[in-house]
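# Analysis of the macromolecular model
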Amino acid sequence: MNSIVTFYRDAEQIDALNAEAEMLFGYSTEAVQGRSLTLLFPNWDRTDDSNLGQHADGHRFPCQVEVLTGAEISVITCRPLLPDAGPLNELTLLQRFVEDAPTAIAMFDRQMSYLRVSRRWLSEFHLQRQSLQGRSHYETFPLFEQDPEARQRWQRRQQSCLAGNIETGDDEPVRHADGSLDWYRWEMRPWKTETGEIGGILLWTDNITHTKTVRDELYEAKEAAEAANRSKSTFLANMSHELRTPLNAIIGYSEMLSEEAQEDGYEEIASDLSKIRGAGKHLLSLINDILDISKIEAGRMDLYIEAFDLNTLMLEIEATATPLIEEKNNRLILNGDAELGNMYADLTKVRQVLFNLISNAAKFTEEGEITFAVRREQIGDRPWIAFEVRDTGIGMTAEQLDNVFTAFSQADASTTRKYGGTGLGLAIARHFCQMMGGDLQASSEPDVGSSFIVNLPAEPIDILDDPIEEGQKRENSGRSTGVILVIDDDPDTLDLISRRLTKDGFYVESANNGEEGLAKARQLHPDAIILDILMEGMSGWNVLSELKADPTLVDVPTIVATILDDRNIGFTLGASDYLVKPVDNQQLTRLLEKYQRRSGNQYPPRRDRILVVEDDDMTREMMRRTLEKFGCNVVEANNGRAALDAVAAEVPQLVLLDLMMPEMDGFGFLAKFRENPQWRGVPVVVVTAMELTASDRQRLDGCVVHILEKGTATREELLYEVRERLLASLNLSSTESSGKWENG
């Protein structure tokens, strides 16, 4: 489109410019209105050369001019001419290219004095062209006067470019004359003369202030979200304790009172108390679901892998679910081989998933059948376990089936009113299955029934290797990266660690007790020792003491690695067993029977002394009454310090210990308690509702290289850390290992 200039014919004064004319001449209409035409056409008054235009910056250019004369206002149509090829005209084109480039670019000589700049450079840095010609770049920006280090930095870049290099930067701050601060991405590169010599420097900049601001805001938002997530996690940990403590009293007292009412013949009162206890257990179930889904969303749900027998699991599920199934006159059918064998998984989560499925089946089925089937399957080269729960209940429509795994969702409002629940159970169950490398699938037909199938790997994905035979161990030892001695009395743990380390190129020897471990350590002089602390007979602490007392073994790195189930939280603190609040009285009774059988007493005499360490008065009283009813002599302490005094007065046969207490908590008590050799044989059962942090779980002796526990991290992270510690102790890098630990 042509550039158009209107002017007053008689006075030859400019009236207006169209947009193209403003771009061509470098002026706005307001800047030229009323001024002489010679401002734009310097030879206007010369009839022999009026076809020459002049830009605001002073450079001139050839153009074709046509004039349409009016009575008062005349119109000039101006079109710049493309010059013929030639040295001068080519230079003019290049000059226009630089100056009109839609980016901030500047051309300097070797001393960083300005030669040419684009209009964008002028507008970006609020500069005037007339003041730049021949001026040093370092004199133009106040930044270089205020910050000598910045000047030196840019001068180093200048020298690098003059040596033929290209310099770049992603976020350079520039302080403008008005005090404002902007951030720039930039590039410096040399330009060359016709003879090929470096004549100076080209500098390109791009203002990224807005991008950086957005990026910083996103980072701050991310930090705030993570802080909120940490706060949420802390809140959940506290709520877990605060919510369960009163429920402990509600469930425990109602159970005790119900038993006493039945014994005294108050059947009606006993029935009411049973309802209270049932409501309390239902509330506890709802709270647990909400805490679970919150922990899942916060990324705080971990896996605790262990080996367990599938047939035993089926019988446990049957015993637990039978009363619930019989409430609505349903029949439970078990299908499975007599010898299903072992499975490696998180037993607590597998049990929770299966019980949730059977509970749902019992809830939505009346006078029907519920089938619980377990089978082994081979999918590819991996063994899998399939659990199926099938019912003949109300079933679901296709639409209801689509939302069955959505959190807080149930079939419809009428289902919620009739059957209750939060709609969280199946969402949690599926997430647990996916955490363990499997999945949960559902199929259903209205008025026919539903089927839920859990598919889980029989072993964690990263240890699904063929068993390592002894001969193969010897063969691998020739190319191994070190000799590792594993001392553990649990055969499953020995198998897990040995297979993992052997695959990774280590030669592994194992011992299933402390005495054998010490003998092999003195025989082999291994490069590292993995030691379980809690072993029958000679404990890990005694083994560790012997190792550190032997001059030939004192420098061998020793790694304490306890890979147990959820009870490990208490075990690693020196506890003998673990209970989670609210304490089930039947579970407590079974636990007492367990320790009495060990001492050979079927029914304990009154002299058997049990120390209950608990700061909550109601919980302590409830536990005391339960234990006294069982025939125990109960001593109470409301904090760790009082408990130590009670133990000093007379050593108990068993300690029930809460961890969260004032003055001296359970951790402090255990540390002092285990210092006394005469008290080390006393079993300690941790009774707590709190969720422990990693630091809580690592309060063990400091004379080992590193302490690793089940629960501090996920199982994969745990095994990876073991490997890294071993490699570090052997002065090897991760790349020198023969296998990829994290990928199995």
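The rules behind each value
- Residue indices follow the written sequence of each chain, beginning from 1 at its first position.
- Where totals are concerned, whole chains, interfaces and linings use all residues; where local detail is concerned, this predicted model gives features only for residues with pLDDT of at least 70, and gives and counts side-chain atom pairs only at 80 or more.
- Hydrogens and waters are ignored; side-chain quantities use all the structure's heavy atoms.
- Secondary structure counts use DSSP, requiring at least four H or I residues in a row for a helix and at least two E residues in a row for a strand, with both numbered from the N terminus.
- Throughout this description, buried means an accessible area under 20% of the type-specific maximum (1.4 Å probe, protein chains only), exposed means over 50%, and partly exposed covers the range between.
- Contact criterion: two residues are considered in contact whenever any of their non-hydrogen atoms come within 4.5 Å of each other.
- All accessibility values rest on the Shrake-Rupley procedure with a 1.4 Å probe; residue burial counts only the protein chains present in the view.
- Two rings belonging to Phe, Tyr or Trp (six-membered ring only in the last case) form a pair when the distance between their centres is within 6.5 Å. Interplanar angles under 30 degrees mark stacking, angles over 60 mark edge-to-face geometry, and anything in between is tilted.
- Whether a charge sits over a ring depends on NZ of Lys or CZ of Arg being within 6 Å of the ring centre and within 35 degrees of the ring normal.
- The term nonpolar core refers to a set of buried residues drawn from Ala, Val, Leu, Ile, Met, Phe, Trp, Tyr and Cys, joined through side-chain atoms within 4.5 Å.
- Working definition: the arc comes from the directions between the helix axis and the C-beta atoms, pointing outward to the latter.
- Under this definition, polar contacts are N or O atom pairs within 3.5 Å; protein pairs additionally need one hydrogen-donor-capable and one acceptor-capable atom, and for neighbouring residues in sequence, both atoms have to be side-chain atoms.
- The pairing criterion for strands is at least two bridges between them, as found by DSSP.
- Between the N-to-C directions of two axes lies an angle of 0 to 180 degrees, each axis being a line fitted to C-alpha atoms and, for a helix, fitted only over the stretch in contact.
- Helices are assigned an expected span. That span is 1.5 Å times one less than the residue count.
- The quantity called bend is, for any residue, the angle between two axes fitted respectively to the seven residues ending at it and the seven beginning at it.
- Rotating anticlockwise by less than a right angle from the far helix to the near helix defines a left-handed crossing, while the corresponding clockwise rotation defines a right-handed one.
- Amino acids are sorted into nonpolar (Ala, Val, Leu, Ile, Met, Phe, Trp, Tyr, Cys and Pro), charged (Asp, Glu, Lys and Arg) and polar (every other residue, Gly among them).
- Put simply, angles under 35 degrees are roughly parallel, angles over 145 are roughly antiparallel, angles from 65 to 115 are roughly perpendicular, and the rest are oblique.

### Section: the overall build of the protein chain
For the protein chain, the count of helices and strands is 25 helices and 27 strands. Split into buried and exposed, the 744 residues of the protein chain put 46% on the buried side. Contacts spanning at least 24 positions in sequence make up 62% of the contacts within the protein chain whose residues lie at least 6 apart. Only carbon and sulfur atoms are counted for the fraction: they give 50% of the accessible area of the protein chain, which is about 37,000 Å².

### Points about the packing of aromatic side chains
Enumeration over the complete set of coordinates arrives at 16 aromatic pairs. Arranged with centres 4.8 Å apart and planes meeting at 50°, the rings of Trp154 and Trp186 form a pair that is tilted. With Trp154 in helix H7 (residues 148-162) and Trp186 in strand S9 (residues 181-192), this pair connects stretches of sequence that are 32 residues apart. Of the two residues, Trp154 and Trp186, both sit in the buried class. Above the face of the Trp154 ring, Arg157 is positioned so that its terminal group lies 4.6 Å from the ring centre. For the cation-ring pair, Lys349 lies above Phe432, with the distance from its terminal atom to the ring centre recorded as 5.3 Å.

### Remarks on the nonpolar core
In this structure, Leu313, Val350, Phe372 and Phe387 are the most contacted members of the largest nonpolar core, which totals 47 residues. Ranked by residues supplied to this core, first place goes to helix H11 (residues 347-363) with eight residues. For Phe387, the contacting residues outside a window of four places in its chain are Leu310, Leu313, Met343, Val350, Leu354, Phe372, Ala373, Val374, Phe452, Ile453, Val454 and Leu456. Grouped together as the second largest cluster of nonpolar side chains are 26 residues, Phe141, Leu143, Leu162 and Val174 included.

### Comments concerning helix H22 (residues 640-649)
Listed in full, the buried residues belonging to H22 are Gly640, Ala643, Leu644, Ala646 and Val647. Looking straight down H22, one finds that the buried residues subtend no more than 160° of arc, so they occupy a single side. The exposed set on the far side of H22, more than 90 degrees from its buried face, consists of Asp645, Ala648 and Ala649. Close packing links the buried residues of H22 with strand S23 (609-613), strand S24 (633-637) and helix H23 (666-673). Measuring from the backbone nitrogen of Arg641 back to the side-chain oxygen at the start of H22 gives 2.9 Å, which picks out Asn639 as the cap.

### A closer look at the side chain of Asp550
Relative to the elements of secondary structure, Asp550 occurs in the loop between helix H18 (540-549) and strand S21 (558-562). Classification of Asp550 by relative accessible area gives buried; the value is 12%. Only 2.7 Å separates the side chain of Asp550 from the side chain of Thr552, close enough to count as a polar contact.

### Observations concerning the environment of Glu369
Inspection of the secondary structure assignment puts Glu369 in strand S14 (residues 369-379). Residue class for Glu369 comes out partly exposed when judged on its relative accessible area of 33%. Between the C-alpha atom of Glu369 and that of Ile333, which follows or precedes it by 36 residues, the distance is 7.2 Å. For Glu369, the contacting residues outside a window of four places in its chain are Arg331, Ile333, Arg390, Asp391 and Thr392. Side-chain polar atoms of Glu369 contact the side chain of Arg331, separated by 2.5 Å.

### Re the sheet that holds strand S12 (residues 331-335)
Read from one edge to the other, the open sheet built from five strands follows the order S12-S14-S15-S17-S16, with strand pairing classed as mixed. The sheet is open, and its two borders are formed by S12 and strand S16 (439-445), each paired with just one other strand. With direction set aside, neighbouring strand axes in the sheet form an average angle of 15°. Pairing of S14 with strand S15 (residues 382-391) involves ten bridges; the strand directions are antiparallel. Among the inter-strand pairings, Ile370 is bridged to a residue of S15, identified as Asp391. Contacting S14, S15, S16 and strand S17 (449-457), H11 runs over the sheet at an angle of about 25° to S15. Packed on one face of the sheet, helix H14 (residues 425-435) meets S16 and S17 and runs near 140° to S16.

### Focus on helix H10 (residues 310-326)
For an α-helix, 3.6 residues make a turn, and residues three or four places apart therefore share a direction. Here H10 is 17 residues long and its end C-alpha atoms lie 24 Å apart, about the 24 Å a rise of 1.5 Å per residue gives. A bend of about 35° at Thr320 is the largest found in H10, and the proline Pro323 appears one to four places after it. Residues of H10 that are buried: Leu310, Asn311, Leu313, Met314, Ile317, Ala321 and Ile325. Considering only its buried residues, H10 is in contact with strand S11 (306-309), S12, strand S13 (342-345), H11, S14 and S15. Structurally, the start of H10 carries an N-cap: the backbone nitrogen of Asn311 is 3.2 Å from a side-chain oxygen of Asp309.

### Regarding the packing of H10 against H11
Where H10 contacts H11, the axes come no closer than 10 Å and their chain directions differ by 35°. For the pair H10 and H11, the crossing hand works out as right-handed. Across the interface between the two elements, Leu313, Glu316, Ile317, Thr320, Ala321, Leu324 and Ile325 of H10 pack against Leu347, Val350, Arg351, Leu354, Phe355, Ile358, Ser359 and Ala362 of H11. Its residues assigned to classes, the contact of H10 with H11 shows eleven nonpolar, two polar and two charged.

### Observations regarding the packing of H22 against H23
At a minimum axis distance of 8 Å, the contact between H22 and H23 shows a crossing angle of 30°. In terms of their interaxial angle, H22 and H23 are classed as roughly parallel. For the pair H22 and H23, the sense of crossing is right-handed. Two secondary-structure elements touch here, H22 through Gly640, Ala643, Leu644 and Val647 and H23 through Phe669, Lys672 and Phe673. Classifying every residue of the contact of H22 with H23 by side-chain character gives five nonpolar, one polar and one charged.

### Thoughts on unusual backbone geometry
A positive phi angle is found at Glu12, which is not glycine, with a value near 50°. Among the structural elements, Glu12 can be located in the loop between strand S1 (3-8) and strand S2 (13-17).

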